[in-house]
Amino acid sequence: MPRYRIAVLPGDGIGPEVTRAALTILEMLQPRLHEVAFDFEEFSVGAGEFLRSGDPLPPATLEACRQADAILLGAMGLPSVRWPDGVEMTPQLDLREKLDLYNGVRPIRLFHESHTPLKNLRAGEIDFVLVRENCEGLFSDRLRRRDPAATVENDRLRITRPGSERLFRAAFALARSRRRHLTLVDKANVLPSMAFFRETFLEVAREFPDVATDCVYVDAAALFLVQNPRRFDVLVTENMFGDILSDEAAGLVGGMGMAPSADLGDRHGLFQPAHGSAPDIAGQDLANPVATILSAALMLDWLGDPECRRGAALINAAVEKTLTDPANRTQDLGGNLGTTAMTRAILDHLET
Ligand code: ATP
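All figures in this text were calculated on a predicted structure; none of them were measured in a lab. Positions within a chain are numbered from 1, following the residues in the order the chain's sequence is written. Two thresholds apply to this predicted model, a pLDDT of at least 70 for residue-level local features and 80 or more for giving and counting side-chain atom pairs, whereas whole-chain, interface and lining totals are computed over all residues. No hydrogens and no water enter the side-chain calculation; it runs on all heavy atoms of the structure.

What follows is about the overall build of the chain. Per the convention used, a helix needs a DSSP run of H or I reaching at least four residues, while a strand needs a run of E reaching at least two, with both numbered from the N terminus. A tally of helices and strands in the chain yields 11 helices and 10 strands. Here the globule rule reads 2.2 Å times residues to the power 0.38, and the radius of gyration is calculated from C-alpha atoms. What you see for the chain is a C-alpha radius of gyration of 20 Å, in line with the 20 Å of a compact globule of 352 residues. C-alpha atoms of the chain, sized along the principal axes, occupy 55 × 50 × 45 Å. Burial classes follow relative accessibility: with a 1.4 Å probe on protein chains only, a residue under 20% of its type's maximum area counts as buried, one over 50% as exposed, and anything between as partly exposed. Going through the 352 residues of the chain one by one, you find that 53% of them count as buried. Across the chain, contacts joining residues at least 24 apart in sequence account for 74% of those joining residues at least 6 apart. Using the Shrake-Rupley algorithm and a 1.4 Å probe, accessible areas are obtained, with residue cover drawn only from the displayed protein chains. Looking at the chain as shown, the accessible area adds up to about 15,200 Å², and 52% of this sits on carbon and sulfur atoms. Taking the average place of the 38 positive charges on the side chains of the chain and the average place of its 50 negative ones, the gap between the two points comes to 3 Å. Residue contacts are counted whenever heavy atoms from the two residues lie within 4.5 Å of one another. Asp and Glu are treated as the negative residues and Lys and Arg as the positive ones, with His and the ends of the chain left uncounted. A charge is said to be at NZ when it belongs to Lys, at CZ for Arg, at CG for Asp and at CD for Glu.

The structure is reproduced here in structure tokens:
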């Protein structure tokens, strides 16, 4: 019987609450899957771990993540816990880089019309995936030390051909499994790095003649997402652009609590809600667990075993059914269900 080792990193703020919700769903699902078992092993990471041990991502934990079949993460970092230069701790970014999780997959789906601030859109009418490059781009210099006396600071926007090619191939493959349309989001009219990014995209596009493409500047993409999100199927973009657009995209379908994500490499996969640790609502049973529960479904899908994929479909269907009832809304969606009650509602649909 296949056994999958899942490294669980609850992290900080609302991280432990939403991780617990996803684990509750997975634990309930497990006996209903034939011949598949999950071994969950929890590790302490993030700002809390830094306060305990002086290291937000201890080497033994990183090694355990390397050895695991998949990683499920809650959220990391707290605004009050920073490095001496004032920068927040972001072990989730360290994990992406150390495990080479270059392919940041962020599905965006409208589950109920009341969740979107846009007019005249029904459930399912916003349905696209943003693919974000995770290991290069404008985040490349994030660990660079600042010179306290400097009057000028430069951050590089790093684009490499191999890094872009593998990202684009992954995005084309994803588009192929959906509505066969891929949009490149860049700034090729201004930045040489972005002109190079586009050139590489158009080269890779020749390998996928069955996928329609277009190229949109990032400022226009921000506009089109609000004006007509229906035009998008899969979008692929640079690290920082993806960081910004994925928050905007989450806002179209109810906010950060509705946005799951998968950070994928060729060997490892890490699954987490797109949101941060939300210290403003931590410990109050207010967090929306949907993004993390949907991330757990992405994990099952990625594990690839037919039974795991069936489990992913069951979770997605349970979330969809739960959210069809407008009474099932957490505070961020304008309702009054807590984290526990929302998880219970999804669990009930899973059981039936
Ligand atoms: P990071 O930079 O680490 O991604 P952030 O500073 O963008 O984090 P978040 O922690 O994602 O911020 O929180 C942004 C806002 O969204 C906060 O007001 C927070 O309460 C809200 N929020 C985030 N996640 C959830 C959730 N799961 N349920 C409800 N509200 C959430």
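Moving on: helix α3 (residues 59-67). Among all positions of α3, only T61, L62 and C65 are buried. Buried residues of α3, seen end-on, are gathered within an arc of 100° and therefore sit on one face of the element. Residues of α3 that are exposed and point over 90 degrees away from its buried face: P59 and A60. Next to the buried residues of α3 lie β1 (3-11), β3 (70-75) and α4 (91-98). For this quantity, the arc is that covered by the directions from the helix axis to the C-beta atoms.

With that settled, the discussion passes to the sheet that holds strand β2 (residues 37-42). At least two bridges found by DSSP between two strands is the condition for calling them paired. Read from one edge of the open sheet, 10 strands run β2-β1-β3-β10-β9-β4-β5-β8-β6-β7, paired in mixed fashion. Lying at the two open borders of the sheet, with one neighbouring strand each, are β2 and β7 (212-217). Averaged over all pairs of adjacent strands, the angle between strand axes in this sheet comes to 20°, irrespective of strand direction. When strand β4 (residues 103-109) meets strand β9 (residues 260-264), the two strands line up antiparallel, connected through three bridges. The axes are straight lines fitted to the C-alpha atoms, using for helices just the contacting stretch, and the angles between their N-to-C directions are given from 0 to 180°.

It is worth spelling out the site of the ligand at this point. Surrounding the ligand, one finds I14, M256, G257, H275, G276, S277, A278, D280, I281, A287, N288 and D332. A distance of 3.2 Å is found between a nitrogen atom of the ligand and a side-chain nitrogen or oxygen belonging to H275. In this structure, an oxygen atom belonging to the ligand sits 2.7 Å away from a main-chain N or O atom of G276. One heavy atom suffices: a residue is near a molecule or strand as soon as one of its heavy atoms comes within 4 Å of it. Distance and chemistry together define a polar contact, namely a pair of N or O atoms within 3.5 Å, with one atom able to donate a hydrogen and the other to accept it when in protein, and with adjacent residues in sequence counting only for side-chain atoms on both sides.

Of note, E35 is a non-glycine position whose phi angle comes to about 60°, a positive value. Mapped onto the fold, E35 is located in the loop between α1 (15-29) and β2. Judged by relative accessible area, E35 falls into the exposed class, the value being 54%. A positive phi angle, close to 40°, is found at A278, a residue other than glycine. For A278, the position within the fold is in the loop between β10 (269-273) and α9 (290-303).

Time to look at the domain arrangement of the chain. An automatic or database domain assignment supplies the residue ranges for each domain. You can read the domains of the chain as domain 1 (1-101 + 259-352) and domain 2 (127-142 + 156-251). Relative placement of domain 1 and domain 2: their C-alpha centres are 25 Å apart. On the side of domain 2, seven residues touch domain 1, which itself brings nine residues to the contact. Both faces considered, domain 1 and domain 2 share a buried interface measuring about 770 Å² in area, 38% of it formed by carbon and sulfur atoms. What gets called buried area is simply the loss in accessible area from a 1.4 Å probe that two parts show on being joined, summed for both. Of all residues in domain 1, R96, E97 and D100 give up the largest surface area on contact with domain 2, accounting jointly for 50% of the area buried on that side. Salt bridge, as used here: a side-chain nitrogen of Lys or Arg that lies within 4 Å of a carboxyl oxygen of Asp or Glu. On inspection of domain 1 and its partner domain 2, the count reaches three salt bridges. Linking E97 and R142 is a salt bridge whose minimum nitrogen-to-oxygen distance equals 2.9 Å. Among the elements that line the side of domain 1 that touches domain 2, the one with the most residues is α4, at four residues.

Running from N to C, α1 and helix α10 (residues 306-324) cross one another at 125°; their axes reach a closest spacing of 11 Å. Looking at the two axes, α1 sits oblique to α10. As α1 runs across α10, the sense of the crossing is right-handed. Every residue of α10 that contacts α1 at I25, L26 and L29 is listed here: G311, L314 and I315. A breakdown of the residues in the contact of α1 with α10 according to their chemical character gives five nonpolar, one polar and no charged. Orientation categories follow fixed angle ranges, with anything under 35 degrees roughly parallel, anything over 145 roughly antiparallel, 65 to 115 roughly perpendicular, and all other angles oblique. For any helix crossing, the convention is left-handed if the near helix is rotated counterclockwise from the far helix by under a right angle, and right-handed if that rotation is clockwise. In this classification, Asp, Glu, Lys and Arg are treated as charged, Ala, Val, Leu, Ile, Met, Phe, Trp, Tyr, Cys and Pro as nonpolar, and every other residue, Gly included, as polar.

It is the contact of helix α7 (residues 218-227) with helix α8 (residues 239-252), at a shortest axis distance of 10 Å, that shows an interaxial angle of 10°. Regarding the angle of α7 to α8, the classification is roughly parallel. Contact with α7, carried on its side by V218, A221, A222, L225 and V226, involves F241, L245, E248 and L252 of α8 and no other residues of that element. Its residues assigned to classes, the contact of α7 with α8 comprises eight nonpolar, no polar and one charged.

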